[in-house]
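Reading the structure
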Amino acid sequence: MGDREITIYNCIEKKCTLRIPQIAVLIDPDKTDYLAELVTIINQTPVDFVLVGGSKLTKNNFSECVLYLKTNLTIPVIIFPGGYEQIDRIADAILLPSVLSGRNADYLIGIQTIMAPKIAEAKLEVISTGYLLIDGRKNSSTLQVTQTKPIAEDDYNTACDTALAGEMLGMKLIYLEAGSGAEQTVNSMMIEKVKSKVSIPLLVGGGINSPEKAIRAIEAGADVIVVGNALEVNPGVLRNICNAIKKSN
């Protein structure tokens, strides 16, 4: 367990230290019609790791999706669980999120308490993640499931204080997300201000569906951009985003 933690989390951390932009792809196991095409593109582009999970899974194929990704990719497959049942021992790690932007105890510590013994049994590397839902002008599935109010898109003080508290509590990552398919991405000022307050890696996702939005997030201070919903519509946009980041870097 320790060796895998060094390999995955330290790799993310090292690239942050070297200011190398990272790209993560978020895959919803309920939406896999495009998966074969997406996996081909991922293998042809400098994607750093894949996140797999969803807030409202109905097809009961989580483990099947993880297995497919592990079989067909060489990069880490990391669980980003939307529920306590989303655990599989063949994954490389798990981002264990605590929804710090809300005050629903179930998603601050309740679900995690149920998951903890299962994660320990699976011997997964655990990357504790402070999750901040930022208002993306859409009623996201995360909002519906967690029943938590997002931080306003211009409430920089609350976001910064919350992220800083997360780091002080021992979180290894901070994840700013506007929600799946957000109409408005996390704005540059929000990213810049939060990044200035924390020293741990900063992930940013939600509504990143073009090279321009990806570059803006990175230039504002995102260490890792997470692309998900946009790829369900057009997997090829991943190539454009990766090429733009490579040129920018």
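In this report, the structure presented in the accompanying data block is examined.

Cut-off values and rules
- Along each chain, residue indices are assigned from 1 in the same order as the chain's sequence is written.
- In keeping with the model being predicted, local features are shown solely for residues with a pLDDT of at least 70 and side-chain atom pairs are shown and tallied solely at 80 or more, while totals for entire chains, interfaces and linings include all residues.
- To get the side-chain values, take all heavy atoms of the structure and skip hydrogens and water.
- Any Lys or Arg side-chain nitrogen found within 4 Å of a carboxyl oxygen on Asp or Glu counts as a salt bridge.
- What counts as a helix is a DSSP run of H or I of at least four residues, what counts as a strand is a run of E of at least two, and both are numbered from the N terminus.
- Only protein chains enter the accessibility calculation, which uses a 1.4 Å probe. A residue is then buried if its area is under 20% of the maximum for its type, exposed if over 50%, and partly exposed in between.
- Pairing between two strands is assigned when DSSP locates at least 2 bridges connecting them.
- Here an angle of 0 to 180 degrees is reported between the N-to-C directions of two axes, which are lines fitted to C-alpha atoms, with helices fitted over the stretch in contact.
- By definition in these notes, contact holds between two residues if any of their heavy atoms fall within 4.5 Å.

On to the pattern of salt bridges. One pass over the structure, following the stated rule, counts 4 salt bridges. The salt bridge involving Lys15 is made with Asp48; its shortest N-O contact spans 2.5 Å. Placement of the pair is Lys15 in helix H1 (residues 2–17) and Asp48 in the loop between helix H2 (35–44) and strand E2 (49–52), with a sequence separation of 33 residues. The exposure class assigned to Asp48 is buried, which follows from its relative accessible area of 14%. Of the charged contacts, one joins Lys195 and Asp223 as a salt bridge, the two residues approaching to 2.6 Å between their closest N and O atoms. Within this pair, whereas Lys195 is found in helix H7 (residues 188–197), its partner Asp223 is found in the loop between helix H8 (211–220) and strand E8 (224–227), the two being separated by 28 residues in sequence. By relative accessible area, which is 25% here, Lys195 ends up partly exposed.

Looking now at the sheet that holds strand E7 (residues 202–205). Here 8 strands make up a closed barrel; going around it, the order is E1-E2-E3-E4-E5-E6-E7-E8 and the pairing parallel. Averaged over all pairs of adjacent strands, the angle between strand axes in this sheet comes to 30 degrees, irrespective of strand direction. Packed onto the sheet, helix H10 (residues 237–248) meets strand E1 (22–27) and E8 and runs at close to 165 degrees relative to E1.

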